[in-house]
Amino acid sequence: MKIFLRLFKAEFIKTNKTYGFLISVLIPIFIAILQFFIFYIKHEHFAKYGINPWKVMGMNLFSILGIIVMPMYIVLITYLINFTEHQSNSWKYLFALPISKIKIYTVKISMTLFWVLVFCISIIIFMYLSGFLLSLFRPDIGFQDYNINYIIFLSIFKLFLSSFGIISIQFLFSIYWKDFIRPVGIGLTLTIAAFILSSWEYIYVLPYAHPYSIMGNYNEFNTRIFTTPIMFSLVYGIIFFIAGFNLILKKEIK
Amino acid sequence: MSEIINITNLNFHYGNFKVLDDLNLSVKENSIFGFLGPNGAGKTTTIKILLGLLSTPKNKVSLFHKNLKTDRIEILSKVGSLVENPSIYNHLTAIENLKILTTMLHLKSSMIDEVLKIVGLDYIANKKAGKFSTGMKQRLGIAKALISDPQLIILDEPTIGLDPKGIIEIRELLLTLNKEYGKTIFLSSHNLSEVDKICDEIGIIDNGHILFRGTKDDLNSYNKTSLIIKADNIKEVCYVLSNTKIECKITEDNSVKTPFISDIITSFLIRTLVENDIQIYSVEKEEITLEELFINIISS
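Okay, so let's go over this structure.

How each quantity is defined
- Residues numbered from 1 in each chain as written.
- Chains lettered and ligands numbered in written order.
- Predicted model: local features only at pLDDT ≥ 70, side-chain atom pairs only at ≥ 80, totals over all residues.
- Heavy atoms only, no water.
- Helix = DSSP H or I, 4+ residues; strand = E, 2+ residues; numbered from the N terminus.
- Rg over C-alpha atoms; globule rule 2.2 N^0.38 Å.
- Buried < 20%, exposed > 50% of the residue type's maximum accessible area, 1.4 Å probe, protein only.
- Contact = heavy atoms within 4.5 Å.
- Areas by Shrake-Rupley, 256 points an atom, 1.4 Å probe, with all protein chains shown as cover.
- Lys, Arg positive; Asp, Glu negative; His and termini not counted.
- Charge placed at Lys NZ, Arg CZ, Asp CG, Glu CD.
- Pairing = 2+ DSSP bridges.
- Axes fitted to C-alpha atoms, helices over the stretch in contact; angles between N-to-C directions.
- Core = buried A, V, L, I, M, F, W, Y, C linked by side-chain atoms within 4.5 Å.
- Buried area = accessible area lost by both parts, 1.4 Å probe.
- Salt bridge = Lys/Arg side-chain N within 4 Å of Asp/Glu carboxyl O.
- Nonpolar A, V, L, I, M, F, W, Y, C, P; charged D, E, K, R; others polar.
- Patch = residues over 30% accessible without salt bridge, like charges linked within 9 Å, V, L, I, M, F, W, Y side chains within 5 Å.
- Parallel < 35°, antiparallel > 145°, perpendicular 65-115°, else oblique.
- Left-handed = near helix turned anticlockwise from the far one by under 90°.
- Phe/Tyr/Trp six-rings, centres within 6.5 Å; stacked < 30°, edge-to-face > 60°.

Thoughts on the overall build of chain A
Part 1 of the argument: Scanning chain A from terminus to terminus reveals 10 helices and zero strands.
Part 2 of the argument: Taken over C-alpha atoms, the radius of gyration comes to 20 Å for chain A, in line with the 18 Å a tight globule of 254 residues would show.
Part 3 of the argument: Projecting the C-alpha coordinates of chain A onto the three principal axes gives extents of approximately 65 × 40 × 35 Å.
Part 4 of the argument: Within chain A, buried positions represent 52% of all 254 residues.
Part 5 of the argument: In chain A, of all internal contacts separated by at least 6 residues, the share reaching a separation of at least 24 is 85%.
Part 6 of the argument: As displayed, chain A has an accessible area near 12,000 Å², and 71% of this comes from carbon and sulfur atoms.
Part 7 of the argument: If you average the places of the 20 positive and of the 9 negative side-chain charges in chain A, the two averages end up 14 Å apart.

Here it is, written out as structure tokens:
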């Protein structure tokens, strides 16, 4: 465990000054600002019909996160973490250190999970900040009158679990290919494919559709944690983690 | 001195292309071993094999009397390396680049200042590595190789891309590391004079095959350096040299080429030419090229 923490700290030094940190925080800030202005401008609509604004905000947020933002964020963050090694020509140096390849690989994928977690926490923080500011500037909407904390925290946890499959797959792509086009291009294509096929009854077999699956039918929140898509996400996560490790194990520095 | 590296009858292929052909190599402890060869000869492949970056059969490669295949981690804990271009994170400072290693390998933070001082980068330790010159990056690469205080340092063309001043600095640094810190250095290069200046032992590889293995003195027996004499009357120079039974020939640029035998003989030649009223413009030693050395070795 001590070795893992040491390697994790070293990995953090490498990644915290890249764009990884910026996109993990800036994307949630950008979404929160958009949400703020939508509610601010359309405040009369919410005040008139007495709708729970947290629920509407949560629905909007998790829909956009699930459809496009979360898969694309994962595509970018996995690329950035491995690009640091590709760009500096460091794989050969890392593999010539007295550290086993499984430890190097596990720490790198743990660092990806860490940044995804930072992203999820940032989403929650800035969403609440946006709601809080709206309760001050537009109290007629009623953010101060409602509370769905349990649903929000549950959904963000499910969003995190639903990302495991995409993380492992994209991680494998970005280790295998040095360039930007292939891992990011394939990730984007599969994200779009998942959106197009979203009404297909077996859509849960496609990992890029898993983040959207945290929403239930008819755009209601589903409070079950281990739904079929999340189970599939965890299984894909494990399978592609093993596949990625095998790739690293056989990777020869030519 | 015991042998720190041992490669026995090693063959290596990239697909159908044979890169190393029955390679045998050994390096003694506390020595500077020069691994010489033209580009594409198999130097970098050999180094990658020594670092476990390429897979090889069992019992073919051993370092510190341990099998690389089975004791890879233990062996690598005693080895520092710089392969091809240095692996440097450009978005981090020199200190941060080294901090990653001290954290990963659980080393004292004081090692960072120590190695930066050794490689002469302590004055720009907080500058981003992306803004470093090629020479500075090369030195930071060497600092990374030194950070774990390894017994064996493996360097692949460490002076490539450096200006003459940088080459001299690296050369002096390697000599210091060997003489003062007792490090064994395995150095690959395609520059004969560079290897000749600092290495105790030399191995020459071409087409994946070892052509020569021995000390610097052994190599000098093949190293036929010439003297190039420029004078007012080169025909007369040749006539005088022929009379003293010294072989000579007139080159295309109107100078006389004669084998360099020793400094005393050179002095005698100059005196003889002057006594024969020949005006000498210059006498220069012409270093043999690697290709010429190969021809000498093969032909002998």
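Examining the sheet that holds strand β1 (residues 3-14) of chain B
Residue and element names in this part refer to chain B.
Part 1 of the argument: Taken together, the four strands give an open sheet; going across it, the order is β2-β1-β4-β5, and neighbouring strands pair in antiparallel fashion. On the outer flanks of this sheet lie β2 (17-28) and β5 (66-67), each paired with one strand and no other.
Part 2 of the argument: Alignment of strand β4 (residues 61-63) against β5, held across two bridges, turns out to be antiparallel. When the sheet's bridge partners are listed, Leu63 is paired in β5 with Lys66.
Part 3 of the argument: The sheet contacts of helix α1 (residues 43-50) involve β1, β2 and β4, and relative to β1 the element is tilted by about 115°.

Re unusual backbone geometry
Residue and element names in this part refer to chain B.
Part 1 of the argument: Despite not being glycine, Asn59 has its phi angle at roughly 65°, a positive value.
Part 2 of the argument: Relative to the elements of secondary structure, Asn59 occurs in the loop between α1 and β4.
Part 3 of the argument: The backbone of His65 sits at a positive phi, close to 65°, despite the residue not being glycine.
Part 4 of the argument: Examined against the element boundaries, His65 turns out to sit in the loop between β4 and β5.

With respect to the nonpolar core
Part 1 of the argument: Counting 157 residues, the largest nonpolar core has Phe62(A), Leu63(B), Leu140(B) and Phe186(B) as its most contacted members.
Part 2 of the argument: A per-element tally of this core places helix α4 (residues 53-87) of chain A first, with 16 residues.
Part 3 of the argument: Sequence-distant contacts of Phe62(A), defined by excluding residues within four places in its chain, comprise Ile152(A), Ser155(A), Ile156(A), Leu159(A), Ile214(A), Met215(A) and Phe221(A).
Part 4 of the argument: By size, the runner-up hydrophobic cluster in this structure holds 13 residues, among which are Ile229(B), Val240(B), Leu241(B) and Ile278(B).

Some thoughts on the interface of chain B and chain A
One frequent convention defines the size of an interface as the accessible area lost when the parts assemble.
Part 1 of the argument: Taken together, the contact pairs 30 residues of chain B with 26 residues of chain A.
Part 2 of the argument: Both faces combined, the contact of chain B with chain A buries some 2,800 Å², and carbon together with sulfur accounts for 63% of it.
Part 3 of the argument: Three residues stand out in chain B for area buried against chain A, namely Leu53(B), Tyr89(B) and Met104(B), and they jointly supply 24% of the buried area on that side.
Part 4 of the argument: Along the contact surface separating chain B from chain A lie one salt bridge.
Part 5 of the argument: Note that Glu96(B) is salt-bridged to Lys17(A), the shortest N-O span being 2.3 Å.
Part 6 of the argument: Contributing elements (two or more residues each) for the side of chain B that touches chain A: α2 (72-76), α3 (94-104) and α5 (134-146) of chain B.
Part 7 of the argument: Considering every element that reaches the side of chain B that touches chain A, the biggest residue donor is α3(B), with six residues.
Part 8 of the argument: For the side of chain B that touches chain A, a count of residues per class yields 16 nonpolar, eight polar and six charged.

Digging into a nonpolar patch on the surface
All names here are of chain A.
Part 1 of the argument: On the surface, Ile64, Ile68, Leu188, Ile192, Phe195, Ile196, Leu197, Trp200, Tyr202 and Val205 cluster together to form a nonpolar patch covering roughly 880 Å² of accessible area.
Part 2 of the argument: The set of elements that each furnish at least two residues to the nonpolar patch consists of α4 and α9 (181-196).
Part 3 of the argument: Residue contributions to the nonpolar patch peak at four residues, all from α9.
Part 4 of the argument: Summarising the element assignment, Trp200 is placed in the loop between α9 and α10 (228-250).

Concerning the sheet that holds strand β13 (residues 256-259) of chain B
Residue and element names in this part refer to chain B.
Part 1 of the argument: Across the sheet, which stays open at both edges, the four strands sit in the order β12-β13-β11-β14 with antiparallel pairing between neighbours. Either end of the sheet is taken by a strand with one partner, and the two such strands are β12 (249-250) and β14 (280-286).
Part 2 of the argument: Two elements, β12 and β13, share two bridges in a ladder whose sense is antiparallel. By the bridge assignment for β13, Ile250 is matched with Val256.
Part 3 of the argument: Strand contacts of helix α9 (residues 234-243): β11 (226-231), β12 and β13, with the helix running at about 20° to β13, the strand carrying the most contacts.

Examining the packing of helix α1 (residues 2-15) of chain A against helix α6 (residues 101-137) of chain A
Residues and elements named next belong to chain A.
Part 1 of the argument: Across the interface, α1 lies against α6 with an axial gap of 9 Å and an inter-helix angle of 60°. Accordingly, the angle class assigned to the pair α1 and α6 is oblique. Relative to α6, α1 is oriented so that their crossing is right-handed. In this structure, α1 uses Ile3, Phe4, Leu7, Phe8, Glu11, Phe12, Lys14 and Thr15 to contact α6, whose residues at the interface are Lys103, Thr106, Val107, Lys108, Ser110, Met111, Phe114 and Trp115.

As for the pattern of salt bridges
Part 1 of the argument: Taken as a whole and judged by the stated rule, the model has 15 salt bridges over all chains.
Part 2 of the argument: Between Lys43(B) and Glu157(B) there is a salt bridge, and its shortest N-O distance comes to 3.5 Å. Within this pair, whereas Lys43(B) is found in helix α1, its partner Glu157(B) is found in the loop between β7 (152-156) and α6 (164-179), the two being separated by 114 residues in sequence.
Part 3 of the argument: A salt bridge links Glu169(B) to Arg139(B), with the shortest nitrogen-to-oxygen separation between them at 3.5 Å. A residue pair is termed long-range when its members are at least 10 positions apart, and Glu169(B) in helix α6 and Arg139(B) in helix α5 qualify at 30 residues.
Part 4 of the argument: Residues joined by salt bridges that share partners form a network here, namely Glu11(A), Lys14(A), Glu85(A) and Lys108(A).

So, the pairing of strand β6 (residues 79-82) of chain B
Residues and elements named next belong to chain B.
Part 1 of the argument: Side chains Val79 and Ser81 of β6 all project onto a buried face; the interleaved residues Gly80 and Leu82 project onto the opposite face, where all are buried too.
Part 2 of the argument: Where β6 meets β7, four bridges bridge the pair, whose relative direction is parallel. Among the inter-strand pairings, Gly80 is bridged to a residue of β7, identified as Ile153.

Details of the packing of aromatic side chains
Residues and elements named next belong to chain A.
Part 1 of the argument: For the structure on display, the rule yields 32 aromatic pairs over all chains.
Part 2 of the argument: Seen from their ring centres, Phe36 and Tyr40 are 5.7 Å apart, and the 25° between their planes marks the pair as stacked. Highlighted residues: Phe36 and Tyr40, both in helix α2 (residues 19-41), separated by four residues, approximately one helical turn.
Part 3 of the argument: When its relative accessible area of 15% is taken as the criterion, Phe36 is described as buried.
Part 4 of the argument: For Tyr40, a relative accessible area of 31% gives the class partly exposed.
Part 5 of the argument: The interplanar angle of 80° and the centroid separation of 6.0 Å between the aromatic rings of Trp200 and Tyr202 together place this pair among those described as edge-to-face.
Part 6 of the argument: Three or more aromatic residues link up through ring pairs in this structure, and these residues are Phe4, Phe8, Phe12, Phe21, Phe114 and Trp115.

In short, geometric facts, not functional conclusions.
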